[in-house]
Amino acid sequence: MSMTRACGIDDVEAEGAVRVELENQAGERLAVCVARDSDGSWHALGDTCSHGNYSLSEGDVFDGAVECWKHGSAFDLATGIPRTLPAVKPVPVYELEIENDGVYVDVDKILEEK
């Protein structure tokens, strides 16, 4: 599958995140956290905390991570790997591209852990 427009670049503040729902090739709707770090870098990762069923996009974005608002686990934006407990499982990280004023994500292409 190709890139799908997830949101506009103006929809995500620096050190912020938004939740979007995108459909994969199998027809499943996936919740994706589109985040922009303080250095201007963009990321797309699974929006559901691996510790509990809570939206990561509702948490804080800082220092290359997004923090789950419920239990405080911080996930690395580039790898999806948790930096802090209680989460121990990573969340998926998706390929993302910025084109013109749009943020495009391919939910069928999960990036490998770095």
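Residues numbered from 1 in each chain as written. Predicted model: local features only at pLDDT ≥ 70, side-chain atom pairs only at ≥ 80, totals over all residues. Heavy atoms only, no water.

> Before we go on, may I ask you to explain the overall build of the chain in this structure?
Regarding its fold elements, the chain presents 0 helices and 9 strands. When the helices and strands of the chain are placed in sequence order, the string is β-β-β-β-β-β-β-β-β. Whereas a compact globule of 114 residues would reach a radius of gyration of roughly 13 Å, the chain reaches 13 Å, a difference of no more than 12%. In terms of principal-axis extent, the alpha carbons of the chain reach across some 35 × 30 × 25 Å. Among the 114 residues that make up the chain, the fraction classed as buried is 44%. (Helix = DSSP H or I, 4+ residues; strand = E, 2+ residues; numbered from the N terminus. Rg over C-alpha atoms; globule rule 2.2 N^0.38 Å. Buried < 20%, exposed > 50% of the residue type's maximum accessible area, 1.4 Å probe, protein only.)

> Just to check I follow, could you spell out the sheet that holds strand 4 (residues 42-46) for this structure?
Strand pairs in the sheet, formed through backbone hydrogen bonds, run parallel or antiparallel to each other. Judged by pairing direction, the sheet is antiparallel, and its 6 strands sit side by side in the order 1-9-8-4-3-2 without closing on themselves. Across the chains shown, the open sheet's two edge strands, defined by having one partner strand only, are strand 1 (4-8) and strand 2 (16-23). This sheet shows a mean twist of 30 degrees between the axes of neighbouring strands, independent of strand direction. Bridge count between strand 4 and strand 8 (residues 93-99): 2 bridges; the pairing is antiparallel. The residue of strand 8 that forms the bridge with A44 is Y94. (Pairing = 2+ DSSP bridges. Axes fitted to C-alpha atoms, helices over the stretch in contact; angles between N-to-C directions.)

> Help me understand the pattern of salt bridges in this model?
Note that side chains of opposite charge can pair when their charged atoms are close. Applying the stated criterion to the full structure yields 6 salt bridges. The partner of R19 in a salt bridge is D47, and the shortest N-O contact between them spans 2.7 Å. Taken together, the residues R19 in strand 2 and D47 in the loop between strand 4 and strand 5 (61-62) connect sequence positions 28 residues apart. The exposure class of R19 is partly exposed, given its relative accessible area of 44%. (Salt bridge = Lys/Arg side-chain N within 4 Å of Asp/Glu carboxyl O.)

> What's the story with the UniProt feature "domain: Rieske" (unreviewed entry) in the chain in this structure? I'm lost.
The sites that carry the UniProt feature "domain: Rieske" (unreviewed entry) are, in the present numbering, residues 34-105. Annotated as 0% helix and 38% strand, the span residues 34-105 places its first and last C-alpha atoms 9 Å apart. (UniProt positions renumbered as here; feature names shortened; annotations may be inferred.)

> Can you walk me through the environment of V34 in this structure?
As for its position among the elements, V34 is in strand 3 (residues 29-36). Of the residues examined, V34 reaches a relative accessible area of 0% and is grouped as buried. A sequence separation of 23 residues divides V34 from S57, and the C-alpha atoms of the two residues are 7.4 Å apart. Apart from the residues lying within four places of it in its own chain, the contact partners of V34 are A6, C7, V12, G16, A17, V18, V20, W42, H43, L96, V103 and V105. (Contact = heavy atoms within 4.5 Å.)

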